[in-house]
Amino acid sequence: MKDYIPELSEIRMVQRAPDGPLPFSQSDLAYIADILADMDKTFGLKSFSDIVPGEWSARALIRQLIEWWRTLDPVTEAERDAYNRLPGSIRLIDTVSTWVEEQASRRRSQAD
């Protein structure tokens, strides 16, 4: 793995994500679980394999996916395939995090 310095956009994505789970659709849950399984299988990583899909801390999950994206150096075709799916999962988590944040803001403003 390579060393890296996080970019500001990456730091903001991690900060925006909640410490708890996000309300992913079933297809989004399956998509992320599949990517994590691919990362486990191709790179031998076991970060989230013992956590029930959907129970992940969104913040820990996005932080780990960003770290893998920035530090792993895929060699085999299987590794490249799994690695190339990371940006989509990162964007998905960030999109759902932003949506949750906007919904909470909307509820707060309606309560005032």
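Cut-offs and rules
- Residues numbered from 1 in each chain as written.
- Predicted model: local features only at pLDDT ≥ 70, side-chain atom pairs only at ≥ 80, totals over all residues.
- Heavy atoms only, no water.
- Salt bridge = Lys/Arg side-chain N within 4 Å of Asp/Glu carboxyl O.
- Helix = DSSP H or I, 4+ residues; strand = E, 2+ residues; numbered from the N terminus.
- Axes fitted to C-alpha atoms, helices over the stretch in contact; angles between N-to-C directions.
- Parallel < 35°, antiparallel > 145°, perpendicular 65-115°, else oblique.
- Left-handed = near helix turned anticlockwise from the far one by under 90°.
- Contact = heavy atoms within 4.5 Å.
- Nonpolar A, V, L, I, M, F, W, Y, C, P; charged D, E, K, R; others polar.
- Polar contact = N/O pair within 3.5 Å; in protein donor to acceptor, adjacent residues only side chain to side chain.
- Core = buried A, V, L, I, M, F, W, Y, C linked by side-chain atoms within 4.5 Å.
- Buried < 20%, exposed > 50% of the residue type's maximum accessible area, 1.4 Å probe, protein only.

Right, let's talk about the pattern of salt bridges for a bit. The full count for this structure, using the stated rule, is 6 salt bridges. Measuring nitrogen to oxygen at the nearest pair gives 2.4 Å for the salt bridge that ties Asp38 to Arg85. On the criterion of sequence distance, the pair formed by Asp38 in helix H2 (residues 26–43) and Arg85 in the loop between helix H4 (77–83) and helix H5 (86–111) is long-range, its members being 47 residues apart. Overlapping salt bridges bring together Glu7, Glu10 and Arg70 as one network.

Turning our eyes to something else, we now look at the packing of helix H3 (residues 58–71) against H5. Direction vectors running N to C along H3 and H5 enclose 150°, while the axes themselves pass 10 Å from each other. Comparing the axis directions of H3 and H5 gives the class roughly antiparallel. Judged by the sense of rotation from one axis to the other, the crossing of H3 with H5 is left-handed. Between H3 and H5, the residues in contact are Ala58, Leu61, Ile62, Leu65, Ile66, Trp68 and Trp69 and Leu86, Pro87, Ser89, Ile90, Ile93 and Asp94, respectively. The class makeup of the residues in the contact of H3 with H5 is 11 nonpolar, 1 polar and 1 charged.

As for its position among the elements, Glu10 is in helix H1 (residues 8–16). Engagement of the side chain of Glu10 in a polar contact is seen with the backbone nitrogen of Glu7, the distance being 2.9 Å. In this view, Glu10 contacts Tyr4, Ile66 and Arg70; residues no more than four positions away in its chain are not counted.

Our next topic: the nonpolar core. Among the nonpolar cores identified, the biggest contains 28 residues, and Phe24 and Met39 are the most heavily contacted of them. Elements that contribute at least two residues to this core include exactly H1, H2, H3, H4 and H5.

Take Thr71: it is sitting in helix H3. For Thr71, a relative accessible area of 3% translates into the label buried. Side-chain polar atoms of Thr71 contact the backbone oxygen of Glu67, separated by 2.6 Å.

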